[in-house]
Amino acid sequence: MAKPTIKTKWDLTQLYQSPSDPKLETDMQELTKLAKNFQKRWQGKLTKASVKNLKKAIADFETVYAKVAYAKPFVYVFLSRDIDQSNAKLTKLFNSLHNQLTELENYLVFFELELAKRGSVGLHKLAKDKTIAPYGFFIEKIAKTARHQLTEPEEKILNLTNLSSQSLWIDGVEKALSKKHVTLRGKKIPLNGALEQLYSLPNTARHKLFKECVIRYKEVADFAESEMNALLTHKKVTDNLRGYARPQTKTIEGYDNTESEIDTLVDTVVSNYPVCHEFFSLKKELFKLDGIHFADRRVNLAKLPQLTFEYVSQDLLELLESTKPEYANIFKEMLRQGNIDVHARKNKAGGGYQLGGIGFRPFILLNYTPGFRAATTLAHEIGHAIHSERSKCQTPLYQDYSTSAAETASTFFESLYVDHLIASLPKQQRIPLLHDKIAEEISSIFYTVSVYRLEEEYHRRLREQGALSNEELVSLMNDFMKQYVGKSARFHEDDGHFYTHLGHLRRPFYMYTYAYGHLISKVMLGRYQENSEYIEKVDEFLSAGSTKPPKDIFKGIGITTTNPKIFQAGIDSLAKDIKELKRLMRQPN
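In this report, we go over the structure that sits alongside the text. (Residues numbered from 1 in each chain as written. Predicted model: local features only at pLDDT ≥ 70, side-chain atom pairs only at ≥ 80, totals over all residues. Heavy atoms only, no water.)

## Some points on the packing of helix α15 (residues 309–323) against helix α17 (residues 372–390)
A pair of packed helices can be characterised by two numbers: the angle between their axes and the separation between those axes. Between α15 and α17, the least distance of the axes is 10 Å, while the angle of their chain directions is 45 degrees. Between α15 and α17, the interaxial angle falls into the category oblique. Our pair here, α15 against α17, has a crossing hand that is right-handed. For the pair formed by α15 and α17, the contact residues are Phe-309, Val-312, Ser-313, Leu-316 and Leu-320 on the first element and Ala-375, Leu-378, Ala-379, Ile-382 and Ile-386 on the second. Of the residues in the contact of α15 with α17, the class split is 9 nonpolar, 1 polar and no charged. (Axes fitted to C-alpha atoms, helices over the stretch in contact; angles between N-to-C directions. Helix = DSSP H or I, 4+ residues; strand = E, 2+ residues; numbered from the N terminus. Parallel < 35°, antiparallel > 145°, perpendicular 65-115°, else oblique. Left-handed = near helix turned anticlockwise from the far one by under 90°. Contact = heavy atoms within 4.5 Å. Nonpolar A, V, L, I, M, F, W, Y, C, P; charged D, E, K, R; others polar.)

This is how it looks when you write it as structure tokens:
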């Protein structure tokens, strides 16, 4: 395959020419006009509307949703700000657009509220009506959430106060962290890029760098403490208003899972903590450590400086081409058009993500440092992008997908690439690569469930005692991380300040989706590796969007996610890899 054209910075002119582009304001005005006209046409007419008229109303709503759900002006400014977080003008524009978008969305609040007034029984019956069949699952979801909805004025108030009660707090801490630097090999590097380099450093250098990172986290501790208490309190208030008994219920139902399904997942993972403990005992031996320090949990053993972004992009393209050419074409266009912002730099947001939506090609943010973890992160985010693009065969209401399904797609492609790497690199690197594969799976499965349980405890304590001190936030972070690491853990009491960096804590209970997705994707990948024709079943899942709940989509391709044996099978496969790692370590040289 010819080398692809690669742009390593976002080209946001695909959306607008600049933040001062007059089309930004014009487009927002057009969106507002569209929403107002929809409200004028349908408000007050849905509770007793005929099935025929309801079908027209939902079709109209879908037209509006296609433009509003991922409002292009807001997407542009959101992305622009993430690569220039110190830009005050962008921050002002972001906040202004956020407020405009909230007001715009408030014109649409009536729609689902009026439909909900038809009652759950009436909505379930309506969803089965052949006349309105294309919108059946959309109606079922409204029926499911109806009991948690508030009045229209109350919903509008919550929408309008979201910026001050949540978003500005999160943005403030992220902005503070983005300005921080640490020193590595005598050079200042952005704090947000330090963690990407941390996992490839020798023991002494790694511990020293993480210690400096913790010092920087402590510098924003007072701010982060207030932020977390504001977010936890806001969640408590809204859960009470909506009648959610458990803090995770809204997230689980919003991702189209069931609580019993996720409780089973969490219980299965926690009961298998000894699998983790065995691995960390081996890790301590491999790295010649006195114990597993906080910074050691995800450290990589394989030294693979050749895994530059350019090398991995070419390698991953060739793998995708052999898997299904359409997948390679998606990645190739993203590289060519400037849809991947690759390297860490000052004032850029940390971590990595993919943002896909209706009407634009997905964008991926990375903080790429050559090595195994960066390579697998790229494959993971490309998996999200492929999912976003393949689901565009659905109508706008169903182009989006459940987050738990999203993490299944991304981990499928990540694992596909990991196995490819292990098979393609020299045999003498088998122990390091097998270790690194296991380390990433431990993180995706056991670490994420530990964070999920940490969140439960944060919420429980706040609801019982009114607030959490920074000391409690730090101590609990350490305690829950120690539970999955086991007796090998040698954490410093300050290490728990890592919570200030952990963006997923700002998205309540999101983390379970990684474990859910990884364990299901292991089943999916195993079937593809046994029979390459199974990729058509995988593509059926990727193209399904949100036409059904995840469990029904997976059932359609032969995977029963309501069976706990699915989760246990994935962990058993991981335990088998750990056993193989131990055998290789004990072999004579």
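Here the narrative resumes.
## A closer look at the environment of Phe-567
As for its position among the elements, Phe-567 is in helix α25 (residues 564–586). As for Phe-567 and Ser-543, which are separated by 24 residues in sequence, their C-alpha atoms are 24 Å apart. Beyond its immediate stretch of four places on either side in the chain, Phe-567 contacts Glu-261, Thr-264, Leu-265, Thr-268, Tyr-516, Leu-519, Ile-520 and Thr-561.

## Structural notes on the packing of aromatic side chains
Enumeration over the complete set of coordinates arrives at 33 aromatic pairs. Ring-pair connections join several aromatic residues into one group, and the members of that group are Phe-38, Phe-61, Tyr-65, Phe-110, Phe-111 and Phe-138. Above the face of the Phe-94 ring, Arg-81 is positioned so that its terminal group lies 3.6 Å from the ring centre. (Phe/Tyr/Trp six-rings, centres within 6.5 Å; stacked < 30°, edge-to-face > 60°. Lys NZ or Arg CZ within 6 Å of the ring centre and 35° of its normal.)

## A short note on the packing of helix α13 (residues 259–271) against α25
Taken N-terminus to C-terminus, the directions of α13 and α25 make an angle of 30 degrees; their axes are 9 Å apart at the nearest point. Taken together, the axis directions place α13 and α25 in an arrangement best described as roughly parallel. Between α13 and α25 lies a crossing of right-handed hand. Residue-level inspection shows Glu-261, Thr-264, Leu-265, Thr-268 and Val-269 of α13 in contact with α25, the latter providing Pro-564, Phe-567, Gln-568 and Ile-571. Split by residue class, the contact of α13 with α25 holds 5 nonpolar, 3 polar and 1 charged.

## Section: the pairing of strand β4 (residues 353–357)
Of all 5 residues making up β4, 5 are buried, and the element is well covered by its neighbours. Judged by which residues are buried, β4 turns out to be covered on both faces: Tyr-353, Leu-355 and Gly-357 on one side and Gln-354 and Gly-356 on the other are all buried. With 4 bridges connecting them, β4 and strand β5 (residues 360–365) associate as antiparallel partners. Bridge pairing links Gly-357 to Phe-360 in β5. Linkage of β4 to β5, two consecutive antiparallel strands, is achieved through a turn of 2 residues, within which Gly-359 is found at a positive phi near 90 degrees. (Buried < 20%, exposed > 50% of the residue type's maximum accessible area, 1.4 Å probe, protein only. Pairing = 2+ DSSP bridges.)

## Quick word on the pattern of salt bridges
Enumeration over the complete set of coordinates arrives at 41 salt bridges. Between Lys-218 and Asp-494 there is a salt bridge, with its nearest N and O atoms 3.1 Å apart. Of the two residues, Lys-218 sits in helix α10 (residues 203–219) while Asp-494 sits in the loop between α21 (470–485) and α22 (512–530), which places them 276 residues apart along the sequence. Put simply, Arg-460 and Glu-457 hold a salt bridge, and the shortest N to O gap is 2.6 Å. Of this pair, Arg-460 and Glu-457 both sit in helix α20 (residues 430–465), 3 residues apart, which is roughly one turn of the helix. One salt-bridge network, held together by shared partners, links Glu-457, Arg-460, Arg-461, Glu-464 and Glu-472. (Salt bridge = Lys/Arg side-chain N within 4 Å of Asp/Glu carboxyl O.)

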